[in-house]
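# Fold and contact review
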Amino acid sequence: ETSFFFLGMYINQKSDKMLINLRKPGDSGYKIPQGFLFEYISAPNFAGEIIEWIGFGLASSTAPGYFFAFSTTLNIGPRMYHHHRWYQDKFDDYPKSRKAIIPFIF
């Protein structure tokens, strides 16, 4: 359970760092993230956060912990979908194989 939490934290932090480093000083505009889990889903930082809080819920084994994990998923899941759609609308060359939430499926 705690390993699930730390896995999610690692995914979240690594993905956020990759996004931050997309723009170099003086750059402007948007870029398509590449590498790591960005090859499979559009927002692995959001996926990492969901995994993190599911791990928290499992580790706590409490109703509030499970509720927090559930509500986080309900909040961030749609954000992942709309984030994915934004990339598709913004970039004609956005990878067709990249999914919104679940790699290879959706």
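To keep things clear, this report deals only with the structure shown in the data block.

The rules behind the values
Residues numbered from 1 in each chain as written. Predicted model: local features only at pLDDT ≥ 70, side-chain atom pairs only at ≥ 80, totals over all residues. Heavy atoms only, no water. Salt bridge = Lys/Arg side-chain N within 4 Å of Asp/Glu carboxyl O. Buried < 20%, exposed > 50% of the residue type's maximum accessible area, 1.4 Å probe, protein only. Axes fitted to C-alpha atoms, helices over the stretch in contact; angles between N-to-C directions. Helix = DSSP H or I, 4+ residues; strand = E, 2+ residues; numbered from the N terminus. Parallel < 35°, antiparallel > 145°, perpendicular 65-115°, else oblique. Contact = heavy atoms within 4.5 Å. Nonpolar A, V, L, I, M, F, W, Y, C, P; charged D, E, K, R; others polar. Phe/Tyr/Trp six-rings, centres within 6.5 Å; stacked < 30°, edge-to-face > 60°. Lys NZ or Arg CZ within 6 Å of the ring centre and 35° of its normal. Patch = residues over 30% accessible without salt bridge, like charges linked within 9 Å, V, L, I, M, F, W, Y side chains within 5 Å. Areas by Shrake-Rupley, 256 points an atom, 1.4 Å probe, with all protein chains shown as cover.

Under the criterion given, the structure shown has one salt bridge. Residue aspartate 27 is joined to lysine 31 by a salt bridge in which the shortest nitrogen-to-oxygen separation is 2.8 Å. Accessibility expressed as a relative area gives 32% for lysine 31, which makes it partly exposed.

Turning to the packing of helix 2 (residues 44–60) against helix 3 (residues 63–90), a few remarks are in order. In contact at an axis separation of 8 Å, helix 2 and helix 3 are set at 170 degrees when each is read in the N-to-C sense. Of the possible angle classes, the one that applies to helix 2 and helix 3 is roughly antiparallel. When helix 2 is examined against helix 3, the residues Phe46, Ala47, Glu49, Ile50, Trp53, Ile54, Phe56, Gly57, Leu58 and Ser60 are found in contact with a partner set consisting of Gly65, Tyr66, Phe68, Ala69, Thr72, Thr73, Ile76, Gly77, Arg79, Met80 and His83. Partitioning the contact of helix 2 with helix 3 into residue classes produces twelve nonpolar, seven polar and two charged.

A separate point is unusual backbone geometry. One non-glycine residue, phenylalanine 36, lies in the positive phi region at around 50 degrees. As for its position among the elements, phenylalanine 36 is in the loop between helix 1 (2–20) and helix 2. Assessed through its relative accessible area of 27%, phenylalanine 36 is described here as partly exposed.

This paragraph deals with the packing of aromatic side chains. Summed over the entire model, instances satisfying the criterion amount to twelve aromatic pairs. Between tyrosine 10 and phenylalanine 36, the aromatic rings sit 6.1 Å apart at their centres with planes inclined by 90 degrees, giving edge-to-face as the arrangement. Taken together, the residues span a long stretch of sequence, with tyrosine 10 in helix 1 and phenylalanine 36 in the loop between helix 1 and helix 2 at a distance of 26 residues. Aromatic ring contacts, followed pair by pair, group Phe5, Phe6, Trp53, Phe56 and Phe68 into a single cluster. A cation sits over an aromatic face here: lysine 14 above phenylalanine 36, 5.1 Å from the ring centre.

Within the fold, tyrosine 66 resides in helix 3. Expressed as a C-alpha distance, the spacing of tyrosine 66 and tryptophan 53, which sit 13 residues apart in the sequence, is 8.6 Å. When neighbours within four sequence positions are excluded, tyrosine 66 is seen to be in contact with Gly57, Leu58 and Ser61.

Further remarks concern a nonpolar patch on the surface. The grouping of Phe4, Leu7, Tyr10, Ile54, Leu58 and Tyr66 at the surface amounts to a nonpolar patch, some 530 Å² of accessible area in total. Counting residues per element, the ones that place at least two in the nonpolar patch are helix 1 and helix 2. Within the secondary structure, isoleucine 54 sits in helix 2. On the accessibility criterion, isoleucine 54 (32% relative accessible area) is partly exposed.

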